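Understanding the architecture of this molecule
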Amino acid sequence: MVDKKMEEAMAQFCGVTGASVKDAQRFLAKYKRVDVAVDAYYSDPQAFASTVRTKEPAASTSKITELFEQYKDPDGDEIGPDGTIKLCSDLGVDPEDVVLLAVAYELKAPRLGSWAKTGWVEGWKRLGCDKLPAMQAALMKLRDRLGSEPQYFNKVYAYTFEFSRAEGARSLAADMAKAFWQLLIPHGVQGGAVSHVRRRDDDDDVDMSDEEGWKDEYTQWWFEFLDEKNVKGISKDTWQMFLEFVRTIDSKFEKYDLEAAWPSTIDDFVEYAKERLARS
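Residues numbered from 1 in each chain as written. Predicted model: local features only at pLDDT ≥ 70, side-chain atom pairs only at ≥ 80, totals over all residues. Heavy atoms only, no water.

**Details of the overall build of the chain**
The following threshold applies: Every helix listed is a DSSP run of H or I at least four residues long, and every strand listed is a run of E at least two residues long, numbered separately from the N terminus. With a 1.4 Å probe rolled over the protein chains alone, any residue whose accessible area is under 20% of its type maximum counts as buried; one over 50% counts as exposed, and the rest are partly exposed. In what follows, a contact means two residues having at least one pair of non-hydrogen atoms within 4.5 Å. With residues, only the protein chains shown are counted as cover, and all accessible areas are computed by Shrake-Rupley using a 1.4 Å probe.
Tallying secondary structure elements over the chain gives 14 helices and six strands in all. By the burial criterion, 45% of the 280 residues in the chain qualify as buried. Put simply, of all contacts in the chain between residues at least 6 apart along the chain, 66% involve residues at least 24 apart. Accessible surface, the chain as shown: approximately 15,200 Å² in total, 49% of it carbon and sulfur.

Next comes the structure, spelled out in structure tokens:
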């Protein structure tokens, strides 16, 4: 017989993951705590894939479409900024929450604060969501994945640059880039998606958890450096390489390879950071 505490834990586990009661019992019996069990569940590809397959047929295209019409601009064919704000309010999520970048990736948002019908319907259907409560649960899962899964973080990170650029622009405005970095980098570092690694000569990444890497304060240093250099735009190359830099640099900036193909902006930042460390 399941006691009340276990029932509550199972309900919480199922609400967050969308898993079956059987999976909830299995993971909670093994890991005891809900948060640890949820992390283990997301790390088990077979269990997570099983949930996705189970949930997909239950998602109704017509219900997802009805929700789209509810938030769509009255005179347009997309959900715009006003509809996005209303959607965030109904979902109970801050419009500046990092999880919305994962949602933008999943729904293939064409631009910041806008959602096209095709991406909306296909994205929510793939996630198995046709009602607001299911979408709320999906946001919890996506936030966890974004923080803890390096490959998923990479995909969302790359998509963020693409969908947030001004139409026709090749670079991302520096202020916009800093806002996204402020959301993404601390989330990934804290959750492990941007764990510290170093490169072997054969370019294979290896875990370097015993060596201290990027610190939150360095993100602010990077912003101050960009301001001092009056950088107005961030190229795609700099955007992508900065993530690799954050993952691989040591906390004292001593193991930086000047011979590697880093953007000059990052080369200059390393010298800037070393000077700040020397003064501290």
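Back to the write-up after that little detour.
**Overview of the nonpolar core**
Test applied: For this analysis, a nonpolar core means a set of buried residues of the types Ala, Val, Leu, Ile, Met, Phe, Trp, Tyr and Cys, connected via side-chain atoms within 4.5 Å.
Trp 120, Trp 124, Trp 181 and Phe 245 are the most contacted members of the largest nonpolar core, which totals 68 residues. Broken down by element, this core gets its largest block of residues, eight residues, from helix 7 (residues 99-107). Dropping the residues within four chain positions of it, Trp 124 is found in contact with Ile 64, Val 103, Leu 107, Gly 119, Cys 129, Met 135, Ala 138 and Leu 139. One finds Met 10, Cys 14, Ala 19 and Phe 27 within the second-largest nonpolar core, a separate group that totals 14 residues.

**What about the packing of helix 9 (residues 132-148) against helix 10 (residues 150-164)?**
As a reminder, the rule being used: In this analysis, axes come from line fits to C-alpha atoms, helices being fitted only over the stretch in contact, and the angle between any two N-to-C directions falls in the range 0 to 180 degrees. Note on terminology: angles under 35 degrees are roughly parallel, angles over 145 are roughly antiparallel, angles of 65 to 115 are roughly perpendicular, and the others are oblique. Under the convention adopted here, Pro, Cys and the residues Ala, Val, Leu, Ile, Met, Phe, Trp and Tyr are nonpolar, Asp, Glu, Lys and Arg are charged, and Gly plus all remaining residues are polar.
Running from N to C, helix 9 and helix 10 point in directions that differ by 100°, and their axes come no closer than 6 Å. In terms of axis orientation, helix 9 runs roughly perpendicular to helix 10. In contact with Leu 142, Arg 145, Leu 146 and Ser 148 of helix 9, helix 10 contributes Pro 150, Tyr 152, Phe 153 and Val 156. Among the residues making up the contact of helix 9 with helix 10, the classes are represented as six nonpolar, one polar and one charged.

**Focus: the pattern of salt bridges**
Pairing is possible between side chains of opposite charge, provided their charged atoms come close. The condition is simple: What counts as a salt bridge is simple: a side-chain nitrogen of Lys or Arg found within 4 Å of a carboxyl oxygen of Asp or Glu.
Applying the stated criterion to the full structure yields twelve salt bridges. Between Arg 143 and Asp 97 there is a salt bridge whose closest N-O contact spans 2.7 Å. Of this pair, Arg 143 sits in helix 9 while Asp 97 sits in the loop between helix 6 (81-91) and helix 7; the two residues are 46 residues apart in sequence, bridging distant segments of the chain. Accessibility expressed as a relative area gives 19% for Asp 97, which makes it buried. Among the salt bridges present, the one from Lys 215 reaches Glu 212, with a minimum N-O distance of 3.7 Å. When salt bridges with common partners are traced through the structure, they connect Glu 162, Arg 165 and Lys 236 into a single cluster.

**As for the packing of aromatic side chains**
Let me state the cut-off plainly: Each aromatic pair joins two rings of Phe, Tyr and Trp (for Trp, the six-membered one) with centres within 6.5 Å, and gets the label stacked for planes under 30 degrees apart, edge-to-face for over 60, and tilted for any other angle. By definition here, charges over rings are those cases where NZ of Lys or CZ of Arg is within 6 Å of the ring centre and within 35 degrees of the ring normal.
Under the counting rule described, the total for this entry stands at 31 aromatic pairs. Ring centres of Trp 120 and Trp 124 lie 5.9 Å apart, and the angle between their planes is 80°; on these two criteria the pair is classed as edge-to-face. Separated by four residues within a single helix, Trp 120 and Trp 124 lie in helix 8 (residues 117-127), roughly one turn from each other. We note that Trp 120, like Trp 124, is buried. Lys 108 extends its terminal NZ or CZ atom over the ring of Tyr 159, reaching a point 5.8 Å from the ring centre.

**Considering the side chain of Asp 250**
Note the following rule: A positive count includes Lys and Arg, and a negative count includes Asp and Glu. His and the chain ends are not counted in either. Polar contacts, as used here, are pairs of N or O atoms within 3.5 Å; protein pairs need one atom able to donate a hydrogen and one able to accept it. Residues neighboring in sequence count only if both atoms are side-chain atoms.
Along the polypeptide, Asp 250 turns up in the loop between helix 13 (236-248) and helix 14 (264-279). Of the buried charged residues, Asp 250 lacks a salt bridge, with Lys 255 as the closest side chain of opposite charge at 6.2 Å. A polar atom in the side chain of Asp 250 sits 2.8 Å from the backbone nitrogen of Lys 255. Apart from the residues within four sequence positions on either side, Asp 250 is in contact with His 196, Glu 211, Glu 212, Gly 213, Lys 255 and Tyr 256.

**Some remarks on empty space enclosed by the protein**
Rolled over the atoms, a probe with the dimensions of a water molecule shows which regions are left empty. Inclusion rule: Put plainly, a pocket is an open set of points on a 1 Å grid over the protein atoms alone with protein on both sides within 12 Å along at least five of seven lines, a cavity is a set where a 1.4 Å probe fits but cannot get out, and a lining residue has an atom within 4 Å of a point. Grid points are joined across faces, edges and corners, and a volume is the space filled by probe spheres set on the points.
Using the criterion set out here, one finds one cavity of 30 Å³ or more in the structure. For the largest cavity, the calculated volume is near 60 Å³. Lining of the largest cavity is provided by Leu 87, Cys 88, Leu 91, Leu 100, Val 103, Leu 107, Trp 115, Trp 120 and Trp 124. At the level of elements, helix 6, helix 7 and helix 8 are the ones that each hand at least two residues to the lining of the largest cavity. A per-class count over the lining of the largest cavity returns nine nonpolar, no polar and no charged.

**Points about unusual backbone geometry**
Even without glycine at this site, Asn 230 takes up a positive phi of about 55°. With respect to the element layout, Asn 230 can be found in the loop between helix 12 (216-228) and strand 6 (233-234). The phi torsion at Phe 253 lies on the positive side, around 60°, for a residue other than glycine. By secondary structure assignment, the location of Phe 253 is in the loop between helix 13 and helix 14.

**Quick look at the confidence of the model for the chain**
In low-pLDDT regions, the fine details of the predicted coordinates are not to be read closely. We apply this condition: Values of pLDDT, ranging from 0 to 100, describe the predictor's confidence in every residue of the model.
On average, the chain scores 86 in pLDDT, and the residues at 70 or more come to 86%. Low confidence marks residues 52-56, where pLDDT is under 50. Its contacts with residues over four positions away, or in another chain, come to eight contacts. For the stretch residues 200-209, pLDDT sits under 50, and the model shows 15 contacts to residues farther than four places along the chain or on other chains.

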